[in-house]
Amino acid sequence: MTLTAWVNGRFLPLDEATVHIEDRGFQFADGVYEVIACFGGTFLDLDAHLDRLLRSCENIAINMPVPLHELKTLIEQTYRHNPFEDAMIYVQITRGAAPRSHLAQRELTPTMVITSRELPMPSAESISDGVSAITLDDMRWKRCDIKSIALLASVIGKQEAAFRGADETFWLDEQQHVLEGCATNCFAAIRGALVTHPLDHQVLGGITRNMVLRIARAHDITVEERPWKLTETGLTECMMSSTTNAIMPVCHINGENIGTGKPGPMAIQLRGWMLDEFEKLKKTS
Ligand code: PDD
């Protein structure tokens, strides 16, 4: 299928969909983005993604290029041009194009790009055996709650993980607490509770994280939003969540087994409950 993108007011074949070389997204990473899953034509938590996009824009003083209801329509239209059974919608908004100067000299027209592609799925092997991670000291900025397109630290983290044969990097704060991954939120099963770092400037408020916590609570799993370490007594499982992974068991960290080194019961149950919800979405479409 030739992909069609929406770029600054027009639908175009992906190869022809371009932005200006002086776009501030290109020159300064001066922009924000969202990644949204769509199952059988129904978007997962679309309102929550749009709220977060709006907050990201407000945080860096970019005006939303269109009202949210119009953006919703554009996202739906982009999906209809590229109607994959399981799709991944990407929305990027930058401050716009202008001659290069750190301070934008005037109010610019924001650039907006929307694409729809096939949702990448974790391999059968990573679902059955779990994935692996390494840890690195957090080298990112102090506003990780903004979904910024400035992702160089994440790129470096992913490269280092791949170099060491792992799938993800978990960022650690100065006290060695696990914050989040390069593109995932992180969880542990500790003495039967599901533990994850609280929402603050050091983590992104993942939409999937919210879903995981909601589902866990609905099934009477105790949820603790608090700082945690890999060395905690009673830690039996680690997991990571994102739009593109749902929840995945992380069974090896820095070459060591977590628990038995196999996906644990909490990860398996949570993943099963999430996939059930995705199936229900497909049936509503
Ligand atoms: N990344 N933390 C970080 C740093 C992320 O980049 C992401 C998502 C998440 C999970 O957020 P959500 O559950 O809303 O997808 C947490 C996306 C998928 C990406 O950059 O491709």
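Residues numbered from 1 in each chain as written. Predicted model: local features only at pLDDT ≥ 70, side-chain atom pairs only at ≥ 80, totals over all residues. Heavy atoms only, no water.

*Asks:* Where do I start with the packing of aromatic side chains in this structure?
*Replies:* Aromatic rings considered in pairs are described by the distance between their centres and by the relative angle of their planes. Applying the stated rule across the entire model yields three aromatic pairs. Centroid distance Y33 to Y90: 5.8 Å. Interplanar angle 35 degrees. Geometry classified as tilted. Of the two residues, Y33 sits in strand 3 (residues 31-39) while Y90 sits in strand 5 (residues 86-94), which places them 57 residues apart along the sequence. With a centroid separation of 4.3 Å and an interplanar angle of 15 degrees, the aromatic rings of F39 and F278 are classed as stacked. Placement of F39 in strand 3 and of F278 in helix 7 (residues 265-284) is noted, with a sequence separation of 239 residues between them. (Phe/Tyr/Trp six-rings, centres within 6.5 Å; stacked < 30°, edge-to-face > 60°. Helix = DSSP H or I, 4+ residues; strand = E, 2+ residues; numbered from the N terminus.)

*Asks:* How should the packing of helix 6 (residues 207-218) against helix 7 be read in this particular structure?
*Replies:* For any two helices packed against each other, one specifies the crossing angle of their axes together with the interaxial distance. Two numbers describe how helix 6 lies on helix 7: the axes approach to 10 Å, and their chain directions differ by 110 degrees. Compared by their axis directions, helix 6 and helix 7 come out roughly perpendicular. For the pair formed by helix 6 and helix 7, the contact residues are T208, M211, V212, R214, I215 and A216 on the first element and L270, W273, M274, E277 and F278 on the second. Of the residues in the contact of helix 6 with helix 7, the class split is eight nonpolar, one polar and two charged. (Axes fitted to C-alpha atoms, helices over the stretch in contact; angles between N-to-C directions. Parallel < 35°, antiparallel > 145°, perpendicular 65-115°, else oblique. Contact = heavy atoms within 4.5 Å. Nonpolar A, V, L, I, M, F, W, Y, C, P; charged D, E, K, R; others polar.)

*Asks:* Would you explain the domain arrangement of the chain in this entry?
*Replies:* Interface size is commonly expressed as the accessible area that is lost once the parts come together. As far as domains go, the chain holds domain 1 (4-118) and domain 2 (124-284). If you average the C-alpha positions of domain 1 and of domain 2, the two centres end up 26 Å apart. Domain 1 puts 28 residues into the contact, and the matching count from domain 2 is 18 residues. Counting each side, the surface lost to burial between domain 1 and domain 2 is near 1900 Å², with a carbon and sulfur contribution of 68%. Summed over the three residues of domain 1 that lose the most area to domain 2, namely Y33, F39 and R52, the buried surface amounts to 33% of that side. Between K282 and D86 there is a salt bridge; the shortest N-O distance is 3.2 Å. On inspection of domain 1 and its partner domain 2, the count reaches eight residue pairs in polar contact (both at pLDDT 80 or more). Of all the secondary structure elements, the ones that give two or more residues to the side of domain 1 that touches domain 2 are strand 3, strand 4 (42-43), helix 2 (46-59) and strand 5. By residue number, the principal contributor to the side of domain 1 that touches domain 2 is strand 3, which donates eight residues. (Domains from an automatic or database assignment. Buried area = accessible area lost by both parts, 1.4 Å probe. Salt bridge = Lys/Arg side-chain N within 4 Å of Asp/Glu carboxyl O. Polar contact = N/O pair within 3.5 Å; in protein donor to acceptor, adjacent residues only side chain to side chain.)

*Asks:* Would you explain the layout of surface pockets in this entry?
*Replies:* Empty space within the largest pocket amounts to approximately 760 Å³. In this structure, the largest pocket is lined by 33 residues; those nearest its centre are Y33, K147, L151, C182 and A183. Contributions of two or more residues to the lining of the largest pocket are made by strand 3, strand 5, helix 5 (152-163), strand 9 (178-181), helix 6 and strand 13 (235-242). With five residues, the single largest contributor to the lining of the largest pocket is helix 5. When we break the lining of the largest pocket down by domain, the ones giving at least three residues each are domain 1 (4-118) and domain 2 (124-284). (1 Å grid on protein atoms, 1.4 Å probe; cavity = no way out; pocket = protein on both sides within 12 Å on 5 of 7 lines; lining within 4 Å. Points joined across faces, edges and corners; volume = space filled by probe spheres on them.)

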